[in-house]
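Secondary and tertiary structure notes
Chain by chain, the residues run as shown.
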Amino acid sequence: GIINQIGNLDANSFDCSGQLLTPFEGQTPDPGERSLAGIFIENINGFAIGVYDNAAIVNTFDDLRNGIIAARSNINIHYCVIEDMHGMGSDYSSPYTDMSGIGIYLVGCPSGLIRRNSIEDVYQGILTFKSNARIESNEISDMRMGIQSEFIPVHTGMWANILTGG
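What comes next concerns the included structure. Everything quoted here is computed from the prediction, not taken from an experiment.

Observations regarding the sheet that holds strand 8 (residues 74-78)
Within the open sheet, the six strands sit side by side as 2-5-8-11-13-15. Their pairing is parallel. Of all the strands in the sheet, just strand 2 (7-9) and strand 15 (157-159) have a single pairing partner and so form its edges. Looking at each pair of strands side by side, their axes are set apart by 10° on average, direction ignored. The pairing of strand 8 with strand 11 (residues 111-115) spans five bridges and is classified as parallel. Bridge pairing in strand 11 places I75 opposite G112.

Brief notes about the environment of N54
Topologically, N54 is positioned in the loop between strand 5 (45-49) and strand 6 (59-62). N54 sits in the partly exposed class, given a relative accessible area of 27%. Between the C-alpha atoms of N54 and H78, which are 24 residues apart in sequence, the distance is 8.8 Å.

Let's talk about the pattern of salt bridges
Oppositely charged side chains may form a pair once their charged atoms are brought near each other. Under the definition given, this model contains three salt bridges. With its nearest N and O atoms 2.2 Å apart, the salt bridge here joins E42 to R72. With a gap of 30 residues between them, E42 in strand 4 (residues 39-42) and R72 in the loop between strand 7 (66-71) and strand 8 connect regions that are remote in the sequence. Using a relative accessible area of 30% as the deciding quantity, one classes E42 as partly exposed. In this structure, the salt-bridge partner of R134 is E136, at a minimum N-O distance of 3.2 Å. Members of the salt-bridge network, linked through shared partners, are R115, R134 and E136.

Side note on unusual backbone geometry
Phi is positive for R72, close to 45°, though the residue is something other than glycine. Residue classification places R72 among the partly exposed residues on the basis of a relative accessible area of 39%.

Here we look at the nonpolar core
Within the largest apolar cluster, 28 residues are counted, with the highest numbers of intra-cluster contacts made by F61, I68, I77, I104 and L106. No other element matches the three residues that strand 12 (residues 118-129) contributes to this core. Aside from chain neighbours lying at most four places away, what touches I77 is I49, I68, I104, L106, L113, I114, R115 and N117. Listed in part, the ten residues of the second largest apolar core include M99, I102, V107 and L127.

A word on the packing of aromatic side chains
Throughout the structure, instances matching the rule amount to two aromatic pairs. Between F14 and F61, the ring centres sit 4.8 Å apart and the planes meet at 10°, which makes this aromatic pair stacked. Remark: F61 occurs in strand 6 and F14 occurs in strand 3 (residues 13-15); sequence separation between them is 47 residues. Taken together, a centroid distance of 5.6 Å and an interplanar angle of 90° make the contact between F129 and F151 edge-to-face. Here F129, found in strand 12, pairs with F151, found in the loop between strand 14 (139-150) and strand 15; they are 22 residues apart in sequence, far enough to count as distant. Looking at F129, the relative accessible area reads 12%, which means it is buried. Just above the ring of Y52 sits the side chain of R115; from NZ or CZ to the centre is 4.0 Å.

About the thresholds
- Residues numbered from 1 in each chain as written.
- Predicted model: local features only at pLDDT ≥ 70, side-chain atom pairs only at ≥ 80, totals over all residues.
- Heavy atoms only, no water.
- Pairing = 2+ DSSP bridges.
- Helix = DSSP H or I, 4+ residues; strand = E, 2+ residues; numbered from the N terminus.
- Axes fitted to C-alpha atoms, helices over the stretch in contact; angles between N-to-C directions.
- Buried < 20%, exposed > 50% of the residue type's maximum accessible area, 1.4 Å probe, protein only.
- Salt bridge = Lys/Arg side-chain N within 4 Å of Asp/Glu carboxyl O.
- Core = buried A, V, L, I, M, F, W, Y, C linked by side-chain atoms within 4.5 Å.
- Contact = heavy atoms within 4.5 Å.
- Phe/Tyr/Trp six-rings, centres within 6.5 Å; stacked < 30°, edge-to-face > 60°.
- Lys NZ or Arg CZ within 6 Å of the ring centre and 35° of its normal.

This is the structure we're talking about:
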């Protein structure tokens, strides 16, 4: 879904185990077989996905092209389970519609915290571009690339992440 308001998102499930509807004639871009992302947010000042200190409340993302895409937003992402993102990754220069296989992607985010998420069976676990993000205590497995940060500001930090497989 597309989010355009401040708030929190807790205890939701995003699943695209079935096929999308057939694109209408002339539709561009063609959406492909899977949803672009479970959550896409843009230009939001203050949004939380998950609860900072409550592991019992999780958001799940399964069988999509990407888990979470956030652009130019202040965002905190906690205790999400992201599995089976379909695709071959992308780089920060690609338009959003071409992205696939990414668990969490932040672009141009002035502040972000990506903490205690479980990401499995993806092309790329976490990708940040021009984003001030703290990435801590995430578990990423069965991936081609774990964490990639490009053009990071001074205050970005990464610690205590566990990456396995790949």
